[in-house]
Each structure stands twice: as structure tokens, then as C-alpha cells.
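What follows is each chain in one-letter form.
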Amino acid sequence: MGVNAPLNRKLRMGLVGGGPGSFIGRVHSIGACLDNRAEVVAGALSSNPERAKQGAADYNIDPDRAYGSYEEMFEAESKLPDDTRIDFVSVTTPNHTHFDIAKEAVEAGFNVICDKPMTFDLAQAEALQAAVEASDVVFAVSHNYTGYPLIRQARAMIQNGDLGEIQAIRVQYIQGWLRDKIEAEDQKQAAWRTDPTKSGAAGAFGDIATHAYNLGRYMTGLLPDQISCHLKTFVPGRALDDYGTAVIRYENGCLGTVTASQISHGRENDVLIEIDGTKGSLQWRQENPNEMYVRANGQPHKIYTRDPNAPYMTPAGAAACRLPAGHPEGFFEAFANIYGSAFDAMIERAEGKSFEKRDTIYPNVYDGVEGMFFIQQCVASSQQDAAWLSLKHAAARR
Ligand SMILES: NC(=O)c1ccc[n+]([C@@H]2O[C@H](COP(=O)([O-])OP(=O)(O)OC[C@H]3O[C@@H](n4cnc5c(N)ncnc54)[C@H](O)[C@@H]3O)[C@@H](O)[C@H]2O)c1
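Residues numbered from 1 in each chain as written. Predicted model: local features only at pLDDT ≥ 70, side-chain atom pairs only at ≥ 80, totals over all residues. Heavy atoms only, no water.

Under an unreviewed UniProt entry, the name given to the protein chain is Glucose--fructose oxidoreductase, and the source organism is Roseimaritima multifibrata.

K.L.:
Explanation requested: the nonpolar core in the structure shown.
P.N.:
Counting residues in hydrophobic clusters, the biggest one holds 83 residues, and the most contacted among them are Phe139, Phe205, Met219 and Phe374. Mapping this core onto the domain boundaries places at least three of its residues in each of domain 1 (11–145 + 350–363) and domain 2 (148–322 + 368–390). In this structure, Phe139 is in contact with Ala102, Val106, Val112, Cys114, Met118, Leu128, Val132, Tyr362, Pro363, Asn364 and Val365, ignoring residues within four places of it in sequence. Of all hydrophobic cores here, the second largest spans 28 residues; its members include Met13, Ala32, Ile61 and Phe88. (Core = buried A, V, L, I, M, F, W, Y, C linked by side-chain atoms within 4.5 Å. Buried < 20%, exposed > 50% of the residue type's maximum accessible area, 1.4 Å probe, protein only. Domains from an automatic or database assignment. Contact = heavy atoms within 4.5 Å.)

K.L.:
Looking at this structure, I do not really get the sheet that holds strand β2 (residues 38–44). What am I missing?
P.N.:
Within a sheet, neighbouring strands are paired by backbone hydrogen bonds and run either parallel or antiparallel to one another. Spatially, five strands are ordered β2-β1-β3-β4-β5 in an open sheet, and the strand pairing comes out parallel. In this open sheet, the two edge strands, each paired with only one partner strand, are β2 and β5 (139–141). The sheet shows a mean angle of 20° between the axes of neighbouring strands, taken without regard to direction. As judged from the six bridges shared by strand β1 (residues 11–17) and β2, these two strands associate in the parallel manner. Bridge pairing links Met13 to Val40 in β2. Each of β1, β2, β3 (88–92), β4 (111–114) and β5 is contacted by helix α11 (residues 331–350), which is oriented at about 165° to β4, the strand it contacts most. (Pairing = 2+ DSSP bridges. Helix = DSSP H or I, 4+ residues; strand = E, 2+ residues; numbered from the N terminus. Axes fitted to C-alpha atoms, helices over the stretch in contact; angles between N-to-C directions.)

K.L.:
Please explain the packing of helix α4 (residues 95–107) against helix α5 (residues 122–133) as it appears in this structure.
P.N.:
When two helices pack together, you describe them by how their axes are tilted relative to each other and by the distance separating the axes. Put simply, α4 and α5 touch, their axes get as near as 9 Å, and they point 10° apart. What the angle tells us is that α4 and α5 run roughly parallel. Along its contact with α4, which presents Phe99, Ala102, Lys103, Val106 and Glu107, the element α5 presents Gln124, Ala127, Leu128, Ala131 and Val132. Classifying every residue of the contact of α4 with α5 by side-chain character gives seven nonpolar, one polar and two charged. (Parallel < 35°, antiparallel > 145°, perpendicular 65-115°, else oblique. Nonpolar A, V, L, I, M, F, W, Y, C, P; charged D, E, K, R; others polar.)

K.L.:
How should I be thinking about the site of the ligand in this particular structure?
P.N.:
Inspection of the region around the ligand gives 29 residues, with Ile24, Asn95, Lys116, Asn144 and Gln189 positioned closest. Measuring from an oxygen atom of the ligand, one finds a side-chain N or O atom of Trp192 at 3.0 Å. Here the ligand, which alone exposes 850 Å², has 92% of that area covered by the protein. For the shell around the ligand, the secondary structure elements donating two or more residues are β1, α4, α7 (188–193), α9 (204–220) and α11. Considering every element that reaches the shell around the ligand, the biggest residue donor is α7, with four residues. Class assignment of the residues belonging to the shell around the ligand gives a composition of ten nonpolar, 14 polar and five charged. (Near = heavy atom within 4 Å. Polar contact = N/O pair within 3.5 Å; in protein donor to acceptor, adjacent residues only side chain to side chain. Areas by Shrake-Rupley, 256 points an atom, 1.4 Å probe, with all protein chains shown as cover.)

K.L.:
Got a minute to help me understand the domain arrangement of the protein chain in this structure?
P.N.:
In many analyses, interface size is given as the accessible surface area lost on bringing the parts together. Segmentation of the protein chain into domains returns domain 1 (11–145 + 350–363) and domain 2 (148–322 + 368–390). Look at where the C-alpha atoms of domain 1 and domain 2 centre, and you get two points 25 Å apart. Summing both sides of the interface, domain 1 and domain 2 together bury roughly 2400 Å²; the carbon and sulfur share of this comes to 60%. Broken down residue by residue, the surface that domain 1 buries against domain 2 is led by Leu122, Tyr145 and Ile361, which jointly contribute 34%. Of the charged contacts, one joins Lys116 and Asp207 as a salt bridge, the two residues approaching to 3.2 Å between their closest N and O atoms. Here domain 1 and domain 2 share nine residue pairs in polar contact (both at pLDDT 80 or more) between them. Put simply, the parts of the chain that give the side of domain 1 that touches domain 2 at least two residues each are α4 and α5. A breakdown of the residues in the side of domain 1 that touches domain 2 according to their chemical character gives twelve nonpolar, ten polar and four charged. (Buried area = accessible area lost by both parts, 1.4 Å probe. Salt bridge = Lys/Arg side-chain N within 4 Å of Asp/Glu carboxyl O.)

K.L.:
I tried to follow the UniProt feature "domain: Gfo/Idh/MocA-like oxidoreductase N-terminal" (unreviewed entry) in the protein chain on my own but got confused; where do I start?
P.N.:
Taking the numbering used here, the UniProt-annotated feature "domain: Gfo/Idh/MocA-like oxidoreductase N-terminal" (unreviewed entry) corresponds to residues 12–143. End C-alpha atoms of residues 12–143 are separated by 22 Å, and the span's content is 39% helix alongside 19% strand. (UniProt positions renumbered as here; feature names shortened; annotations may be inferred.)

K.L.:
Looking at this structure, I do not really get the packing of aromatic side chains. What am I missing?
P.N.:
Think of a pair of aromatic rings as described by two things: how far the centres are apart, and how the planes are tilted against each other in angle. Evaluated as defined, the whole model comprises 14 aromatic pairs. Between Tyr145 and Tyr148 the ring centres are 6.3 Å apart and the planes differ by 20°, which places this aromatic pair in the stacked class. As far as burial versus exposure is concerned, Tyr145 and Tyr148 are alike and both buried. Each ring, one from Tyr145 and one from Tyr173, has its centre 5.8 Å from the other, and the planes form 90°; the classification is edge-to-face. With Tyr145 in the loop between β5 and α6 (149–159) and Tyr173 in strand β6 (residues 166–174), the pair connects residues that are 28 residues apart, well separated along the chain. Comparing Tyr145 with Tyr173, the two get one shared label, buried. Put simply, the rings of Tyr145, Tyr148, Tyr173, Trp284, Phe331 and Phe335 touch in pairs and so form one group of aromatic residues. Against the face of Tyr59 rests Arg26, its NZ or CZ located 4.1 Å from the ring centre. Above the plane of the ring of Tyr366 lies Arg358, whose end atom (NZ or CZ) is 3.9 Å from the centre. (Phe/Tyr/Trp six-rings, centres within 6.5 Å; stacked < 30°, edge-to-face > 60°. Lys NZ or Arg CZ within 6 Å of the ring centre and 35° of its normal.)

Structure, rendered in C-alpha cells:
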């Protein structure tokens, strides 16, 4: 039996973005290829055609399939025979470009892994959802924190009722790298993230609060009702928020908070989620991702370690592990778990079978739409002095 049975071959990746000096494109390629289930065979790596072609060697992409633009890649790849053509496209470019690239890929019949926030605004996200629904492609959004084994473990434990009814969700994503106005020095990643024509309507809230909000939704499955948000721009002259807090009322009465910061001295990528239920509480931090704390009054505190062989691990948690306990797993592996789950669906599609599009273990187009609605409502609420606004959207997964 070969890799990706019954397909018995690797899946072929076309990478968009990830050119020289970029960040997340390389992480996507490592995540996709970590389990030997995929290979990068084509790319349109940069908005600059020359740089796009130059960068291809870094990925061992054959010069014939190093394209100057994504349009060129989709056109040329569509004409290749079935046993050569790319199976999926990874969209790893700045936010304002996601929609055109992802929609064109979907309409050309390629499966898509799109980075977050899924699009530039909600209208684009809803149009992309419609395009995905009209197609038969697999579409995933790389909210990569959902790929950590202990996050999938926590989700399964919450679904099993181990924490009782969920009453509070506190999520924070705290960074410090934009404490100074480094966008004025043309720092590549800072420049587009603080530019409203490229990043979208929000800064910190578009870039990292979307991850935080998605994580709470993913782990608890609770449906949101209303949101009140206060955004701040602390660095003088910056065009978008660099700090903020949102309060979320969920339909079951649960109260949630999301805090995001890019201006907290010395803070790196501190994603912390704490969930309180009637029977227990849990706490997980991405900077120590192989441990999760579960507590109940009157009992010793429990530390769950990422251990694929431990009897306390749920099937979903254990399946997301690669190494024996104690050998650290992290960011790349979490990315690989998003890819691996999407690959399972791609194989079903390739075999002509129907596959789940909405209730998936990987974040999908509906989560992407929810993320864009979250951003839109946060900005609108903040502009109205933190007014309570609806957070109900038809895309919400049930
Ligand atoms: N999931 C995560 O953890 C995570 C982390 C970082 C960034 N991101 C997201 O990934 C995306 C990219 O972020 P980054 O930090 O890697 O940005 P970056 O600026 O480091 O890299 C972007 C790359 O895209 C290329 N590019 C731009 N327009 C293009 C086009 N039209 N065609 C082909 N290539 C093009 C650039 O040349 C560059 O190589 C953003 O949407 C960001 O929000 C997600």
C-alpha cells in the first residue's frame, strides 16, 4: 500500500506566496510535506515575476513550473495531464490578495488551503463561500492553532461533556513586535499588516484576534450571539488598531473575552486560552503547547501532556500526535495536522466519493466567513463606543 492509500501517490502542491524573505509560505510547505503525503511541484511565489521564478529553487521547484504569477500557474497547470497537474493550491500571500487567488483556484477545480484572515472583507468571504459551494473542491483555512494535539484533545473532551456546560472563554493573543513603528522602516511583514488597503479593516484584530476567536469557537462549538469591542491604536501615526478587547455573549449564556495586542513589550506569540465549565476548567498556552491544565475544585490539578499512548487521550487528540510524549511538537506539526485532515478529504474527492464540507476537523470556508464577520463587527462596535452588535451569521458551524 502506498502513501495516501487508496490514491497511492503524493498530492501535488502549488504554492502562492512564500517568496524570498517571506514568512508563512515556507511553513505551509513544511507542514504540507512533513508526513511525506505531499510535495511542492509548482509555485507563483511572489508578486514580482522575476523574484517568483528566482525563489523556486529554494523549494526545488522545476524551472518549467516556476510561474511568474498565479494566473499563469492556474492556466498552465489546468492544461497538464491528470497525473502531473497540481492537486491543491496554498494561498500564503498578504490578505488583500487572498480572494482573487483563492476564488480563481476554486473555479479552476483546485483544492485550496488559504491563510487567514480568509479575505479582505466580509463580502469577499461570502462570495468565496458561494464559489466553494458551487464547486466540488476541498477548502481549508489555516487557523493552525486548531491543529495542536492538545487543542483537538480539549475539543473532544468538551464535546464529551467532561467540563460540563461551558460558561466562560478567555482567549488572548499577545505580541510585542509592533511596539515601535517599524512599518516606517519598511519592515516587510509590518508594512502590509498596518496598511488598511492591504490588511483590511483591522490591524491586530484582523491579524491575530481572528485566530483567538476561532480557537474558542473551534474548541467549544458554542454559537455566538452578540459582541462589544474596544480597539485602540497606541503607536502614534499607525493606521490600524494595535490593541483591543472584545466581549462576546454566546447563545447559551457563556461570556467570552478576546484580547489581542501587538504592543506588549517582550511578548512573543502568547496565545492563551482558558475555558470554564460547570464541572471543570482548562488552560492551554501555545508557548508551552505540549501541556494542558485541567482543574476541578477539591481535586489535584491535572497536567495533560501530549502523549499519543496515554489512556486519557481521545482518538482525535492521539491521532494528532507524531512523537512519543516528551519530545516537543509544535508549530510545524500543528500546520501539518490541518494539512493532513484536508488531505484525507482530498483523497476522498479524488476517489470520487462525497466528503464533509461543513463539519470538518480542519477550519473551512465557513470558519473563514465567520472570521471576517467577527472583524467587521469588532470594528463597527468599536466605532460606536463598544456598542453591542449581533455576532450571528448563517455561516456559523453548528
Ligand atoms: N496562520 C498563521 O499562523 C499565519 C502566520 C503568519 C501569517 N499568516 C498569514 O499569511 C499571509 C502571509 O503573511 P506573511 O507574514 O507570510 O507575509 P510576507 O509578507 O512575509 O509574505 C508574503 C509573500 O507573498 C508574496 N506575494 C504577494 N502578493 C503576491 C501575489 N499576488 N502572487 C504571489 N505572491 C505574492 C510576497 O512576494 C511574499 O513572498 C497573510 O494573510 C497572514 O495573515 C498566517
